[in-house]
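# Overview (structure and organization)
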Amino acid sequence: MANSERTFLAMKPNGVPWGLVGEIIKRFEQKGFHLAGLKFMQASEELLREHYTDLKDHPFFAGLVKYMSSGPMVAMVRYGLNVVKTGRVMLRETNPADSKPGTICGDFCNQAGRNVIHGSDPVESAE
Ligand code: DAT
Ligand code: MG
């Protein structure tokens, strides 16, 4: 059922010290996406290399894995109608300069390498 579509979101190691955990949870709550799971966790470099395997040939890959493993994240699974695509719209364009005000990156970030939150894209990746 479309209403049970699920996405994986994770507030990145900068989102936690920047004090954005409550704000970001609030946005997903207000939008009506239900919480299926939530975990405060620090990911290993090994797990992150697997998570980002599609990006392994990019020059920023090593820095991405190091940064993402540098501190705790708040990982969540949320579900609802078109949550993967809608969640991405709520997050950003990958280039912060293209992210509109009102999106998480439009409001809280200015560089791709510190973009506050991960959100699955596309549905197969969320699964
Ligand atoms: P997104 O996270 O918006 O789906 P992505 O999957 O292409 O973007 O890249 C994953 C992460 O890698 C992204 O959140 C931040 C980092 N990244 C992407 N492009 C980058 C760049 N040009 N410079 C530095 N980090 C980058
Ligand atoms: Mg991506």
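What you see is a predicted model; the values in this text were computed from it and never measured. (Residues numbered from 1 in each chain as written. Chains lettered and ligands numbered in written order. Predicted model: local features only at pLDDT ≥ 70, side-chain atom pairs only at ≥ 80, totals over all residues. Heavy atoms only, no water.)

### Side note on the site of ligand 1
Which entries qualify depends on this criterion: In this text, near means that some heavy atom of the residue lies within 4 Å of the molecule or strand in question. A 3.5 Å cut-off defines polar contacts: any pair of N or O atoms within that distance qualifies, except that in protein one atom must be a possible hydrogen donor and the other a possible acceptor, and neighbouring residues in sequence count only when both atoms are side-chain atoms. Here the accessible surface of atoms and residues is derived via Shrake-Rupley with a 1.4 Å probe, and residues count as covered only by protein chains that are part of the display. As defined here, a cavity is a set of points on a 1 Å grid over the protein atoms alone where a 1.4 Å probe fits but cannot get out. A pocket is an open set with protein on both sides within 12 Å along at least five of seven lines, and residues line them when an atom is within 4 Å of a point. Each molecule is checked against the cavity or pocket grid, and it sits inside if more than half of its atoms lie within 2 Å of the grid points. Gly counts as polar in this scheme, as do all residues outside two lists: the nonpolar Ala, Val, Leu, Ile, Met, Phe, Trp, Tyr, Cys and Pro, and the charged Asp, Glu, Lys and Arg.
Around ligand 1, the surrounding shell consists of K12, Y52, L55, F60, L64, R88, R92, T94, A112, G113 and N115. In the model, an oxygen atom of ligand 1 is placed 2.7 Å from a nitrogen or oxygen of the R88 side chain. When isolated, ligand 1 has an accessible area of 510 Å², and the protein chains bury 70% of it. Put simply, ligand 1 lies in the largest pocket. Here the residues of the shell around ligand 1 sort into five nonpolar, three polar and three charged.

### Some details on the pairing of strand β1 (residues 6–11)
Regular strands place their side chains on alternate faces of the sheet. Filter applied, for reference: We call two strands paired when DSSP finds no fewer than two bridges between them. Where helices and strands are cited, they refer to DSSP runs of H or I of at least four residues and of E of at least two residues respectively, numbered from the N terminus.
As judged from the six bridges shared by β1 and strand β3 (residues 73–79), these two strands associate in the antiparallel manner. In the strand pairing of β3, T7 is matched with R78.

### Some points on the side chain of N115
What counts here: Residues are treated as being in contact if the distance between any of their heavy atoms lies within 4.5 Å.
Residue placement: N115 occurs in the loop between α5 (104–108) and β4 (117–119). At 2.6 Å, the side chain of N115 and the side chain of K12 are in polar contact. Apart from residues no more than four positions distant in its own chain, N115 is found in contact with K12, N14, R92, C105 and C109.

### Observations regarding helix α1 (residues 21–30)
Here is the rule: Each residue is placed in one exposure class: buried if its accessible area under a 1.4 Å probe, protein chains only, is under 20% of its type's maximum, exposed if it is over 50%, and partly exposed if it falls in between. Of all possible arcs, the one meant is that of the directions from the helix axis to the C-beta atoms.
Within α1, the full set of buried residues consists of I24, R27 and F28. The arc enclosing the buried residues of α1, seen along the axis, measures out at 95°, which places them on a common side. Backbone geometry just downstream of α1 places G32 in the positive-phi region, at approximately 90°.

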